[in-house]
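The chain contents come next:
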Amino acid sequence: MDLLIDVHNHTIVSGHAYSTIQEIAAEASRKGLKMIGITDHGPAMPGAFSSSFIGNLSILPDFIYGVEVLRGVEANILDQSGKLDVPERRLKRLDVIIAGLHDACVRPWDTKGNTLALINAMENKYVDIIAHPGNPAFQIDKEAVVLKARETNTLIEINNGSFYSKSRFGSKDNCYEIARLCKKHEVSIIVGSDSHFSFEVGRFDKAIKLLEDVQMPEELIMNTSVDKLKKYLIKKGKERYGKQANTD
Ligand SMILES: [Zn+2]
Ligand SMILES: [Zn+2]
């Protein structure tokens, strides 16, 4: 399986990651990736950037070392209403928005509360991807989340880092169940490395095994074609692709 895109990468700006954008792009180029996202944690994460960092991402070149760069963020979901820690005026200028629950920012609620938080975050039209929904620290009604993703055209992330992460230990079974539900309901998924060091960029080993195990149809995997992901972003009305969207 050839996965050419890794939209989930953290730089030193996240406060607990260790590479620069340039180092991430260089590694992506070396590995033959075609597109990366720079998606540092939102400002509610202890040690993360001030929001002016996001505001100036537009100065980045569209391509670095031949790899197309999406300007993004991994926003924190702050409450059950799905409120994010990044204001709309910033979200609307970015190319890709990942939203997720992190126990460094919020205490997990019960299953109903966690599910509501994700479902309401997906009501936000700027949100493209739900990060690591298999995290056992935040138990959810998986089918409800997957169905909401279908309704709102939101992508479900299969987070390769979750298979290695100590903080999300025990994600595997949840990730398999979520992937099977996505297949059943024809909801698109996107694999992310969730890299916090450049060498991890494009590391998809466990996620690929999962996709093979559940026999995920290729058309539901957003990482296999830059065109496919761009079409999705155009449909979501991203400013970067505004011209194409208008002529569509
Ligand atoms: Zn992180
Ligand atoms: Zn995360």
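Model, not experiment: these values are computed from the prediction.

Draft legend 1. Main features of the packing of helix α4 (residues 111-122) against helix α5 (residues 142-152). Put simply, α4 and α5 touch, their axes get as near as 9 Å, and they point 5° apart. With respect to α5, the axis of α4 lies roughly parallel. Between α4, through Thr115, Leu118, Ile119 and Met122, and α5, the contact on the second element is made entirely by Ala144, Val145, Lys148, Ala149 and Thr152.

Draft legend 2. Looking closely at the environment of glutamate 27. With respect to the secondary-structure elements, glutamate 27 resides in helix α1 (residues 21-30). For glutamate 27, a relative accessible area of 8% puts it in the buried group. For the pair glutamate 27 and glutamate 68, spaced 41 residues apart in sequence, the C-alpha to C-alpha distance is 13 Å. Residues in contact with glutamate 27, not counting those within four places in the same chain, are Ser198, Phe199 and Val201.

Draft legend 3. Here's a closer look at α5. For α5, the complete set of buried residues consists of Lys142, Val145, Val146, Lys148, Ala149 and Thr152. In a view along the axis of α5, the buried residues occupy a sector of 160°, so they form one face of it. The backbone nitrogen of glutamate 143 lies 3.3 Å from a side-chain oxygen of the residue at the head of α5, namely aspartate 141. Remark: asparagine 153 follows α5 within two positions and exhibits a positive phi of approximately 55°.

About the cut-offs
- Per chain, residue numbering runs from 1 following the sequence as it is written.
- Both sets of labels track the order of writing: A upward for chains, 1 upward for ligands.
- The model is predicted, so local features are restricted to residues of pLDDT at least 70 and side-chain atom pairs to those at 80 or more, both for listing and for counting; the totals for chains, interfaces and linings are taken over all residues.
- The basis for every side-chain value is the complete set of heavy atoms in the structure, and neither hydrogens nor water enter the calculation.
- To get an axis, a line is fitted to the C-alpha atoms, and for a helix only the part in contact is used. The angle between two axes follows their N-to-C directions and goes from 0 to 180 degrees.
- Helical segments are the DSSP runs of H or I of at least four residues, strand segments are the runs of E of at least two, and each set is numbered from the N terminus.
- Between 65 and 115 degrees an angle is taken as roughly perpendicular, under 35 as roughly parallel, over 145 as roughly antiparallel, and anywhere else as oblique.
- Residue contacts follow a heavy-atom distance rule, with two residues in contact if any of their heavy atoms lie within 4.5 Å.
- Relative accessibility decides the category of a residue: with a 1.4 Å probe and only protein chains considered, values under 20% of the type maximum give buried, values over 50% give exposed, and everything between is partly exposed.
- What the arc covers is the set of directions going from the helix axis to the C-beta atoms.
- Counted as a polar contact is a pair of N or O atoms within 3.5 Å, where, for protein atoms, one must be capable of donating a hydrogen and the other of accepting one, and residues adjacent in sequence contribute only when both atoms are in side chains.

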